[in-house]
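Examining the three-dimensional arrangement
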Amino acid sequence: MTDAERYRTLLDQERSRLTELKGSLTEVTEDVEHEPTGDPSAGGHVADAGSEVFERSRDLSIVQDLDAQLVDVEHAFARIENGTYGTCEACGRPIGAERLDARPAARFCLEDQRGAEREVRVR
């Protein structure tokens, strides 16, 4: 098996895992929408309504993060096709097999990833 085939397999597995997680969250969110709310006029409690809103917001945030990760996976497939997979998008150095094995959709080497995360925290 070539490296490209191995990473395609890892990316396929990651896409399946993320899609399954997203599907399970979407099902839970849809089920919650059909349950009674915390509306006092419907026999619910106001605190329940707040909890439901919080849980829906949290689930939506997780789904958005999963969508972003799926975009990264598709981007990685495109990078395999155009021959740039495994190369840091910021500095052009190799990302490294250990990192790609752990995060097959990685776009940056560890150094540049840390820099990007520091930038996000500062904002």
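The structure presented is a predicted model; accordingly, all values stated were derived computationally and were not measured.

1. Some words on the overall build of the protein chain
Scanning the protein chain from N- to C-terminus turns up 4 helices and 0 strands. Element order for the protein chain, N to C, with α for helix and β for strand: α-α-α-α. Within the protein chain, buried positions represent 24% of all 123 residues. For the protein chain, the proportion of contacts with a sequence separation of at least 24, taken over those separated by at least 6, is 51%.

2. Structural notes on the pattern of salt bridges
Enumeration according to the criterion identifies 11 salt bridges in this entry. Of the charged contacts in the structure, one is a salt bridge between Arg-107 and Glu-89, with a shortest N-O distance of 2.8 Å. Residue Arg-107 is found in the loop between helix 3 (97-102) and helix 4 (110-122), and its partner Glu-89 is found in the loop between helix 2 (46-82) and helix 3; the two are separated by 18 residues along the sequence.

3. A look at the side chain of Glu-14
With respect to the helices, strands and loops of the structure, Glu-14 is situated in helix 1 (residues 3-33). The residues contacting Glu-14, other than those within four sequence positions of it, are Gln-69, Val-73 and Pro-104.

4. Overview of the layout of surface pockets
Size it by volume and the largest pocket reaches roughly 410 Å³. For the largest pocket, the lining is made up of 19 residues, of which Gln-69, Asp-72, Arg-103, Ala-105 and Gln-113 are closest to its centre. Those elements that provide at least two residues to the lining of the largest pocket are helix 1, helix 2, helix 3 and helix 4. Top contributing element to the lining of the largest pocket by residue count: helix 2, with 5 residues. Partitioned by chemical class, the residues of the lining of the largest pocket number 10 nonpolar, 2 polar and 7 charged.

Calculation rules
- Residues numbered from 1 in each chain as written.
- Predicted model: local features only at pLDDT ≥ 70, side-chain atom pairs only at ≥ 80, totals over all residues.
- Heavy atoms only, no water.
- Helix = DSSP H or I, 4+ residues; strand = E, 2+ residues; numbered from the N terminus.
- Buried < 20%, exposed > 50% of the residue type's maximum accessible area, 1.4 Å probe, protein only.
- Contact = heavy atoms within 4.5 Å.
- Salt bridge = Lys/Arg side-chain N within 4 Å of Asp/Glu carboxyl O.
- 1 Å grid on protein atoms, 1.4 Å probe; cavity = no way out; pocket = protein on both sides within 12 Å on 5 of 7 lines; lining within 4 Å.
- Points joined across faces, edges and corners; volume = space filled by probe spheres on them.
- Nonpolar A, V, L, I, M, F, W, Y, C, P; charged D, E, K, R; others polar.

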